[in-house]
Amino acid sequence: MQAMTRQHPVEIAIVGGGCAGITAAFELTRPELRGQYRVTVYQLGWRLGGKGASGRGPADRIQEHGLHLWMGFYENAFRLIRECYAELKRDPATCRIADWSDAFVPDHFNGVADWSPDGRWSPWTVQLPPFEGLPGDPGNALPRWTIGDYLARSLELVRTLLATVQEPAPGAAPEAPQPPKSTGTPEALLETMSRLLEYGRFATLAAVVEALGLMEVALATLRRYPENLLIRFHDAVVTAVRGQFEKLIESNDRLRRVWEIVDMMLAIIRGALRFRLLTDPRGFDAIDDYDCREWMRLNGASERTINSAFIRALYDLTFAYEDGDLSRPRVAAGQGLRAAFRAFFTYRGAFFWKMRSGMGDVVFAPFYEVLKRRGVRFEFFHRLENVKLCDPAHLAPGERPFVEALEFDVQAAIPGGGEYQPLVDVRGLPCWPAAPDYRQLVEGERLEQEEWKFESHWERRKVGTRTLRVGKDFDLVILAVGGGAIPFLCKELMERDPRWRAMVERVKTVPTQACQLWMNTDMKELGWSHAPVNLCAFVKPFDTWADMSHLATEESWPRPPGALAYFCSVLQDVPEEERARPAFPEEQHERVRRNSVRFLEKDLAHLWPRAYRESGGFRWELLMDPSAPHGESAGEAGEARFASQYWTANVNPSDRYTLSLPGSLRARISPLDNTYDNLTVAGDWTDSGFNQGCVEAAVMSGRLAAHAISGAPKLEEIAGFDHP
Amino acid sequence: MDPRERVKKPEPGRTQPVRNWGAVFERPGGNSVPQGVEMGYRVIEEYLRQGQNVARAMWAPAVGGTPSGDGLQNQMGAMLRSFADFASLWLDLMGKASAGGATAREPGVTPAAGTAGPFSAGVAPSAAKAPKATASEPTEPPAAPESPEVQAVAPPSHLTLDIDSTRRTEVSIDLRPRASDRAFRVHDLRAPEPASPRIRGVIIEAVPEEDRVTFRIQIPDDQPPGLYSGIILDEHTGLPRGTLCVRVVAR
Amino acid sequence: MRTATDSAVLVREKLAEYGAATQARMREYLRGRPRNPEFEELIADYPQRGGWALRASLCLATARAFGAYPTDALNSAVAIELLHNAFLVHDDVEDESEERRGRPTLHQRHGVPTAINVGDALAILSLRPLIDNAGTLGVRLALRILEEAERMAHESVEGQSLELAWRQHNVVELREVDYLQMVLKKTCWYTTIYPMRIGALIGTRDGVELDRYLRFGFFVGAAFQIQDDLLNLLEDEGRYGKERYGDIWEGKRTLMLIHLLHAASTEERARLSRVLGVSRAERTSEDVSWIRERMEEYGSIDYARQIAHGLAGAAQHEFSVACADLPDSPDKRFMEALPTWVIERS
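For the structure given in this document, a descriptive report is provided here. Computed from a predicted model, the values in this text were never measured in an experiment. (Residues numbered from 1 in each chain as written. Chains lettered and ligands numbered in written order. Predicted model: local features only at pLDDT ≥ 70, side-chain atom pairs only at ≥ 80, totals over all residues. Heavy atoms only, no water.)

### Some remarks on the overall build of chain A
Right, on to step 1. Tallying secondary structure elements over chain A gives 21 helices and 24 strands in all.
Right, on to step 2. Contacts in chain A between residues far apart in sequence, at least 24 positions, make up 75% of those at least 6 positions apart.
Right, on to step 3. Surface accessibility of chain A: about 26,400 Å² in total, with carbon and sulfur atoms responsible for 52%. (Helix = DSSP H or I, 4+ residues; strand = E, 2+ residues; numbered from the N terminus. Contact = heavy atoms within 4.5 Å. Areas by Shrake-Rupley, 256 points an atom, 1.4 Å probe, with all protein chains shown as cover.)

Written out as structure tokens, the structure is:
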């Protein structure tokens, strides 16, 4: 990298304290870099976290933006949080979340709500074997799998599933799949397949399974793929499999679900062959113009399959609905496949990992503490308003354009220019509060009385402005704000640069909604007799439900709740002109309240039958009111009791969820892009290599941003960056 | 700000992930001929798959390109566009000879912009359809989607020609009415030579209930020989439904 | 059994024959209307400078191979050549080229505004023969041809805009497939795909599925373009018809340049990016020679040559697939010989 000719450190301004910004700060201040970079994080409002911010409300209850589940394949995110906890060295005697393993608990993918022909909703599970070790283990053990490898694994899964069909003994664990018999050289393998094709149909399921074994070997081992042959072979097998299954699935739920997965996998394999993904240098990116379900359909998946609960769940988990419109499920096929393959085939420890407290407490408080120790400065209550570019006329020949200034609104000031202390103690655990500590602010009482909503985009009040200038206040900028905020902050960039215009136009976001319930009985009593679950593909509006009862003792209720439930889903968007009105956020908040109440009144009865009266009404008295936590009879009665729960409409531009729409991914800009030689972007909306709205993408982008500046971490160390 | 002093990020070694280790560029002294074939097929197959969805917009979105402020570019763009527009205009003027005739001939590939439609969520699967049989065409695009509703019906069973002419005349009619058509009209018939006078006053009478159409054409005695043609339009919508050609033979 | 030389001779002969016929008919259109005689001179300038007449010949040969009369496709052939010349005039302005076919470019002599106007006029003029088809081929067929022409124009425009955007935004992250995609639209459509489609359309009176010829047209057109780009780097000044290394001067994203951008070291790539990022006037002959030399060093020339070979081979294969049922004729053999000719010509 560039030799350091300076005596003093390079000043880095990181705007945005979410996953991406915090990651970049963490990377740039590693001890090995010996203080080359001095980092200041600028954050609006009183807490770090962005979309992952959480707070503590009445009864110290955790109040989140929504449901945050970490996936077992989040190698980068886990590596960093583990390193953070290792550096933090909390004392387990005094702090109940001292080690990362206290913070994260494994959780299995055990729920997709499915409508059974006999008129019931029923969950079903998919079990897949994990990789060795735990996510984030040092040493970057992610193997260099090719698409061929993933397809081979898929075939292995298919063979396993088909094998269970042959032995329809419920409850019996499926046998470990037999490794397919090797047939020697590639030529011999192909010869075998040709001959099998000539001889005609695969008459029995066993023959089909064996044929799939041949495909598996072919995909895993052949360097040059005679695609025509493989496709013909594949088609012959698929026809045979279909024939076998058609008769069986109408009457048998379990088989239907197996078939849906098998059909989907076979379509994916066929598509990979037809679209020559195995040899395309773009890997999965090559099909990013297609919607995932549409692409599967083009490759032979049936209507039933592409409407299966399984696929619906994947779309719901990633809010993949354009403009939040449930009639427009859309996700770029390539990224969709990449995410599904990573999630199912490369996870470690568990498919999901749940947090033992709010995400702010589990992730951002530890990072805050470690970064403070390392000398990072935090400027809260600073909201970026504009990124100011240099005058192009003043550029020297060969000089790239650059950021000249950053213009901030200062939302509140600290007396004497001191530093704001953002954390509060909840029985020994440092946490973020649900509201700022007004006592620390100049004129705090007035701000509180006037109800300044520091995190709201519609709040324009401020106590001052501040302009940072290049060379004086910063040298390099990392723009790590939420993607939805970019059009408001980067007007100059958009005006001058068609790529930024295109990005803002194509990389879209959607608002989301969430609600959290605290109940005074446990799930069994509510009528849910299964294990604690994460359930997706449920009815709208709240298609995702997570049982968070393990948090009951983390909060400070006099009597702990029997059950906690988090619900979330996408929220249908409203035309842009409407969103500009000041009344908009309140209206949306009320909208989500109505959605939640309606949801409780009607839809939840299928899963929680005992939460309802004989007459059919929801038993509102089950909800625990933190202002009257002792008795069922205390507090409001009836529907009004819902007001004591917590819900949110995530409509702030920077809180909107980033979509991966077909055709949009190539408009993203990479953190490695050097068009503006002192500006780096970071966030799950950038081209991070894993272009999906999630913690892992944000962390990867933060690491890429750090690499762009310092050369560390090396690109090869960013797990999953070099990947089909 | 002195450009020499200002801190800049270093040049990136690469900015894109490596997605396919097998297809990495390095071919030291190796043979790139098969690679050429492979790349070529990939490009043409993808193109065929994406169908004839040719954007009418001037600037391809692939690189986020939009027209620059540079006047020269605009002029160039205008020229290239004018040709395309001119051809469009001409086609509009002439009208298409038969609605859906030419475009229906496009191969049946599904453009990339297609969607699979909303989920049939929360609905009892008694509504679920039987899985579609797949076409086993390995490298061809998938089977043609259903063409847009075919409303054109066969030409009318009864066609009457009432020609008033002292000259030898050949009349060709190409008519594809829609079920909803009630009446037709035709513009003046023109010959390619601008100097030739038009054949005016052609009348088309339609009796849809009897599936009958009558053409009444009157050719003046001094009409120069040539091929005269005009578009037959649906009177109500103005949409083209066919062509009428009259060849006036030289004496 | 035809030898390689026989085929090359056949191609040259056919090109000459069809080229001459097209030139003759084109003259009628260039002079046909009473107009400002000075402007007429300008419009006729590029068409009369000659050239391969590949497009016109392919159109005529295809039509005849399908059984059309010799003159059936002549108007359409003229239209293609007029349009081709229109594109050339504008390309030269856009690329700031100085020479075309051994003589100064139009804008060099008469200024950019005039050149643009001339290009406009040529493009619009190219419609006239297509309209005249209505008299000789019937309205229906003439309309079909116009539809095809419209399609071709859109593809060419899109391809051109792709390439312009690369240069305007100094895009250096390009892959070979990007190049081929651009060439498919910008060059192949109007050079090989459209002429063949029109020829088949006319020869069969719209009786055949035209998409059959897309693959062949693409492969042979792409090979043609790559060879064109190679010749630009390999020829001595003057022989090729444009100034030496003109493409490098223009910053044209050829396959060789793309290969070089991948193969070069980080510092070299930075220098390349800088040179490509400035305007043509600011590029030095030192820069251009350096780039040329780097291409040699990294084997970019050889690479492109091999790719072109591969594409030509694929073209041959596709020809046998698409035209298997065509009866043998000199015209069919001409088409068959094209893949070899496009990469072996000099």
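### Examining the packing of helix α3 (residues 54-65) of chain C against helix α16 (residues 330-344) of chain C
All names here are of chain C.
Right, on to step 1. Where α3 meets α16, the axes come as close as 8 Å, and the angle between the chain directions of the two elements is 140°. Read as a crossing pair, α3 and α16 show a hand that is left-handed. Contacts between α3 and α16 involve L54, S57, L58, A61, T62, R64 and A65 on the former and, on the latter, D331, K332, F334, M335, L338 and W341. (Axes fitted to C-alpha atoms, helices over the stretch in contact; angles between N-to-C directions. Left-handed = near helix turned anticlockwise from the far one by under 90°.)

### Looking at the environment of P433 of chain A
Residues and elements named next belong to chain A.
Right, on to step 1. Considering the arrangement of structural elements, one finds P433 in the loop between β14 (429-431) and α14 (444-449).
Right, on to step 2. Judged by its relative accessible area of 11%, P433 falls in the buried class.
Right, on to step 3. In this structure the C-alpha to C-alpha distance between P433 and R47, which are 386 residues apart in sequence, comes to 8.0 Å.
Right, on to step 4. Those residues in contact with P433 that sit more than four places away from it in its chain are W46, R47, G55, R56, P422 and V424. (Buried < 20%, exposed > 50% of the residue type's maximum accessible area, 1.4 Å probe, protein only.)

### A look at the pairing of strand β12 (residues 403-410) of chain A
Residues and elements named next belong to chain A.
Right, on to step 1. Most of β12 is tucked away: 6 of the 8 residues are buried.
Right, on to step 2. Sheet analysis places strand β11 (residues 382-389) next to β12, joined by 7 bridges and oriented antiparallel. From the neighbouring strand, V387 faces β12, where its bridge partner is L406.
Right, on to step 3. One ladder, built from 6 bridges, connects β12 with strand β15 (residues 464-469); its direction is antiparallel. Looking at the pairing, L406 lines up with L468 of β15. (Pairing = 2+ DSSP bridges.)

### Some points on the packing of aromatic side chains
Right, on to step 1. Counting across every chain of the model gives 48 aromatic pairs over all chains.
Right, on to step 2. An angle of 50° between the planes, with centres 6.2 Å apart, marks the rings of W452 of chain A and F454 of chain A as tilted. Accessibility classification places W452 of chain A together with F454 of chain A in one group, the buried group.
Right, on to step 3. Where W518 of chain A meets W557 of chain A, the ring centres are 6.2 Å apart and the plane angle is 40°; that geometry is what we call tilted. Of the two residues, W518 of chain A sits in strand β18 (residues 512-519) while W557 of chain A sits in the loop between β20 (544-547) and β21 (563-570), which places them 39 residues apart along the sequence. Each of the two residues, W518 of chain A as well as W557 of chain A, counts as buried.
Right, on to step 4. Taken together, the ring pairs in this structure connect W70, F73, Y74, F78, W100, F104, W353 and F690 of chain A into an aromatic cluster.
Right, on to step 5. Seen from the ring of F119 of chain B, R293 of chain A lies directly overhead, with NZ or CZ sitting 3.9 Å from the centre.
Right, on to step 6. When the ring centre of W290 of chain C is taken as origin, the NZ or CZ atom of R271 of chain C, which lies over that ring, is 4.0 Å away. (Phe/Tyr/Trp six-rings, centres within 6.5 Å; stacked < 30°, edge-to-face > 60°. Lys NZ or Arg CZ within 6 Å of the ring centre and 35° of its normal.)

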